[in-house]
Amino acid sequence: MEECLQTIADYGLRSIGIGQRLLPKEDFTLCQQITLIGSGMIWNIYFGILALLFGFFFATGLAVAKAAQSLWLRKPAEWFIFLFRGSPLFIQFFFAYFLFLSLKGVSPIFNPFTAAWLGALIVLFCNTAAYTGEIFYGALRSIPKGDVEAADAYGLTGWPRFKRIIWPTMLRLAWPAYTNEAIFLFHATTLVFFTGFPAWQQRGDALYYANYFADKTFNPFVPYPILAGYFIILTLIVISGFGFVNRRLNRHLPQETRSKLKLRANIIR
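Just so it is clear, the model here is predicted, and its values are computed rather than measured.

## Some thoughts on the packing of helix 5 (residues 116–141) against helix 7 (residues 158–188)
- One way to put it is that helix 5 packs onto helix 7 with a least axis distance of 8 Å and a crossing angle of 140°. One element, helix 5, and the other, helix 7, form an angle in the oblique class. In the crossing of helix 5 with helix 7, the sense of the turn from one axis to the other is right-handed. Contact with helix 5, carried on its side by Leu124, Thr128, Tyr131, Thr132, Ile135, Phe136, Ala139 and Leu140, involves Ile166, Met170, Leu171, Leu173, Ala174, Ala177, Tyr178, Glu181 and Leu185 of helix 7 and no other residues of that element.
- For the contact of helix 5 with helix 7, the class distribution of residues is 14 nonpolar, two polar and one charged.

In structure tokens form, the structure reads like this:
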């Protein structure tokens, strides 16, 4: 027990540069694998939370722009969504890394973009914004006309109408599908260190450490189930959090008419 506690102290925050600098080389214990893979989850949570946070607001703008009558607003939003929904996320990581690498040679200001903490985050942000923008656009098109007519009858126009009627209704309709997008995004963070973005000083995410142990022990049946367990726990936390927001968005509706979260696996992305 004391040895495991020491392992947690040594490797619990290693993925962010705190603790032992060198990884264990032999005689791997179960505690080491659980601790280091859990340490890597810090990066998965970092990528997922920030990409969701910034992508949420950008996706709202994309949805509004795509629904706009102005060609100058609608077309850029349509092409942005098409580009990031039409190409695989794995390929987007590769293209982005080599683009940032080329820009790095032009100006040193682009140096941070070749690091995963910023470059990969930008790719995840753009990808989730495109998918979420399409979800929100569909919700905008599904808003009952009666809600808009009622807002007009009360004299609500422009920003007040959008803030008090359009946006809340859009979120209420889109939230179950958006929950699935959030879950997929957290799972997609495992691609970061298997693309062009390097893991500096072996400070990778959870899959990076799981792959390290699988390669060293030639036994994938210990680290990968540990990794799956962490993501199952993370998924349950996401479902709980988004479920709470979903109940808040639908609290004014009768119980039988409230939209419920329906989780569906993304077979093809």
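## Notes on the packing of aromatic side chains
- Throughout the structure, instances matching the rule amount to 28 aromatic pairs.
- Aromatic pair Phe56 and Tyr178: ring centres 5.9 Å apart, planes at 45°, arrangement tilted. One end of the pair, Phe56, is in helix 2 (residues 30–66); the other, Tyr178, is in helix 7, and 122 residues separate them in sequence.
- Note on Phe56: relative accessible area 12%, which makes it buried.
- With 4.8 Å between their ring centres and 45° between their planes, Phe80 and Phe84 make a pair best called tilted. With Phe80 and Phe84 both in helix 3 (residues 71–86), this residue pair falls four residues apart, about one helical turn.

## Here we look at the confidence of the model for the chain
- For the chain, per-residue confidence averages 91 on the pLDDT scale, and residues scoring 70 or more make up 94% of the total.
- Element-level mean pLDDT values for the chain span from 82 in helix 6 (residues 145–153) up to 97 in helix 2.

## Examining the environment of Gly17
- Take Gly17: it is sitting in the loop between helix 1 (2–11) and helix 2.
- Residues Gly17 and Arg203, spaced 186 residues apart in sequence, show a C-alpha to C-alpha distance of 7.2 Å.

## A short note on the side chain of Asp205
- Looking at where Asp205 falls in the secondary structure, it is placed in the loop between helix 7 and helix 8 (206–217).
- Buried within the structure, Asp205 lacks any salt-bridge partner; its nearest side chain of opposite charge belongs to Arg14, at an N-O separation of 11 Å.
- If near-sequence neighbours (up to four positions away) are discounted, Asp205 is found in contact with Gly40, Trp43, Asn44, Thr189, Thr190 and Phe193.

Reading the values: the criteria
- Residues numbered from 1 in each chain as written.
- Predicted model: local features only at pLDDT ≥ 70, side-chain atom pairs only at ≥ 80, totals over all residues.
- Heavy atoms only, no water.
- Axes fitted to C-alpha atoms, helices over the stretch in contact; angles between N-to-C directions.
- Helix = DSSP H or I, 4+ residues; strand = E, 2+ residues; numbered from the N terminus.
- Parallel < 35°, antiparallel > 145°, perpendicular 65-115°, else oblique.
- Left-handed = near helix turned anticlockwise from the far one by under 90°.
- Contact = heavy atoms within 4.5 Å.
- Nonpolar A, V, L, I, M, F, W, Y, C, P; charged D, E, K, R; others polar.
- Phe/Tyr/Trp six-rings, centres within 6.5 Å; stacked < 30°, edge-to-face > 60°.
- Buried < 20%, exposed > 50% of the residue type's maximum accessible area, 1.4 Å probe, protein only.
- pLDDT = per-residue confidence, 0-100.
- Lys, Arg positive; Asp, Glu negative; His and termini not counted.
- Salt bridge = Lys/Arg side-chain N within 4 Å of Asp/Glu carboxyl O.

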